[in-house]
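# Per-entry structural report
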Amino acid sequence: MVNIYEKLYQFSSYVPPIDLSFHQYLLLEEEAVLVHTGSMQQAEALIPQLKEVLNGKTLKYIFVSHFESDECGGLSLILKHFPEAKPICSEVTARQLMGFGIANDIIVKKPGEKLNANGYELEFINYPSEMHLWEGLLLMENKCGVFFSSDLVFRFGKSAGTVIEGSWQEEVNSITPLQVPDVEQREKLQQVLGQFNPKFIATGHGPCVKL
Ligand SMILES: [Fe+2]
Ligand SMILES: [Fe+2]
C-alpha cells in the first residue's frame, strides 16, 4: 500500500500471466471512499490494509465503475467487514449487483451528478464500459483534482506505487477502440473528458499519471 497522492492511498497486486497490475484506491477522509474492491482474492488481501489505513475512520462509500470482477468482485466480502459502507454505481451496475444478490443498499448515480461530502466532491461521468458497452461510471474528485480512470487509461506491467508524467489531452486522445469500440460513444466520452482538467489520474491498471 502506498500514499500515492495527497490523501489518496493505492493498493495493488500484479498478475504475471497477463502482465497486469490491479489497483484499488482509498480517499482517506473522515468519510472515506474506496474505489474498486478488486476480485475476491484481491479483496482478501485488501481488507487488513484498509483497516490499517482507515485507523478508525469510517468507510462511507465504495465506488464501483462497472460490473466486472476486478472492479467489484470482492464487494460482498468488503461489505461483510464494513457493513455501513454504501456502494455507488450506475443504474445498470446496481441491477447487476442486486440481481446477483451481492448488494441491495446501493446509491445510484447518473452521469453529471455530484456527491458532496466533508472534504471532497465526487462527480460522475458516463462510461460505456466493457463488455457490452454497459453504462458504467467514471469518477472525478474535484477538490484534489483526481480522475479515477478505471480501465480507460491502461498500461501493462508492474506498476504498484508508480507515477509517470503525462498530459491530460494526450491521455484522452489515446483512448482506443480497445477501451470503447463504438466510435460515436468514444468521441462523445473524449469530448466530455476534454472539459475537465484533473491534476492526477488514478488508474485501475498501469502507472498513475501526474498531469
Ligand atoms: Fe473493467
Ligand atoms: Fe479493470
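See the structure printed just above.
Summary of the structure given here.

### A word on the pairing of strand β13 (residues 200–205)
For β13, a buried count of 6 out of 6 residues is recorded, marking the element as mostly surrounded by other parts of the structure. Sheet topology note: the strand β11 (residues 146–154)/β13 ladder contains 5 bridges and is parallel. Across the sheet, the residue bridging to Phe147 is Ile201, located in β13. Pairing of β13 with strand β14 (residues 208–210) involves 2 bridges; the strand directions are antiparallel. Residue Phe200 lies in a different strand from β14, and its bridge partner there is Lys210. The antiparallel hairpin formed by β13 and β14 contains 2 residues in its connecting segment, where Gly206 sits at a positive phi of about 90°.

### Overview of helix α4 (residues 91–99)
Residues spaced three or four apart along an α-helix point in a common direction, a consequence of the helix completing one turn every 3.6 residues. For α4, every residue scored as buried is listed here: Val92, Thr93, Ala94, Gln96 and Leu97. The inward-facing, buried residues of α4 abut α2 (69–72), α3 (75–81), β6 (86–89), β7 (107–108) and β10 (134–141). Of the residues one or two after α4, Gly101 is the one with positive phi, at around 70°.

### Points about unusual backbone geometry
Although it is not a glycine, Asp19 adopts a positive phi angle of roughly 50°. A relative accessible area of 32% places Asp19 in the partly exposed class. Although it is not a glycine, Ser150 sits at a positive phi angle of roughly 50°. Mapped onto the elements, Ser150 comes out in strand β11.

### Some remarks on the coordination of the iron ion (ligand 2)
Summarising the metal site, the iron ion (ligand 2) is bound by the protein donors Asp70 (OD), Glu71 (OE), Asp151 (OD) and His205 (NE2), whose distances to it range over 2.0 to 2.2 Å. Classification of the site at the iron ion (ligand 2) rests on its 4 donor atoms, whose angles at the metal span 87 to 175°, yielding the label irregular. Mapping the donors of the iron ion (ligand 2) onto the primary sequence yields the spacing D-E-x79-D-x53-H. Between the two metal centres, the iron ion (ligand 2) and the iron ion (ligand 1), the spacing is 3.4 Å, with Glu71 acting as a shared donor. Highlighted residues: Glu71 in helix α2 and Asp151 in strand β11, separated in sequence by 80 residues.

### Remarks on the sheet that holds strand β1 (residues 2–5)
In spatial order, the strands read β1-β2-β3-β4-β5-β6-β7; together these 7 strands make up an open sheet with mixed pairing. Each of the sheet's edge strands pairs with one partner strand only, and the pair in question is β1 and β7. Relative to strand β3 (residues 20–27), strand β2 (residues 8–15) is paired through 8 bridges, and the arrangement is antiparallel. Across the sheet, Leu8 pairs through a bridge with Leu27, a residue of β3. Strands β6 and β7 of the sheet are contacted by α4, whose axis makes an angle of about 135° with β6.

### Some details on the pattern of salt bridges
Applying the stated criterion across every chain yields a total of 6 salt bridges. Lys7 is paired through a salt bridge with Glu29; the nearest N and O atoms lie 3.3 Å apart. Separated by 22 residues along the polypeptide, Lys7 in the loop between β1 and β2 and Glu29 in the loop between β3 and β4 (31–35) bring together distant segments of the chain. In this structure Lys7 comes out as partly exposed when scored by relative accessible area, which is 42%. Taking the shortest distance from any N to any O, the salt bridge between Asp105 and Lys86 comes out at 3.3 Å. Placement of Asp105 in the loop between α4 and β7 and of Lys86 in strand β6 is noted, with a sequence separation of 19 residues between them.

Definitions and limits used
Residues numbered from 1 in each chain as written. Chains lettered and ligands numbered in written order. Predicted model: local features only at pLDDT ≥ 70, side-chain atom pairs only at ≥ 80, totals over all residues. Heavy atoms only, no water. Buried < 20%, exposed > 50% of the residue type's maximum accessible area, 1.4 Å probe, protein only. Helix = DSSP H or I, 4+ residues; strand = E, 2+ residues; numbered from the N terminus. Pairing = 2+ DSSP bridges. Contact = heavy atoms within 4.5 Å. Donors = N, O, S within 2.8 Å, 3.2 Å for Na, K, Ca; no water. Tetrahedral: all angles 85-135°; square planar, octahedral: opposite > 155°, others 65-115°. Axes fitted to C-alpha atoms, helices over the stretch in contact; angles between N-to-C directions. Salt bridge = Lys/Arg side-chain N within 4 Å of Asp/Glu carboxyl O.

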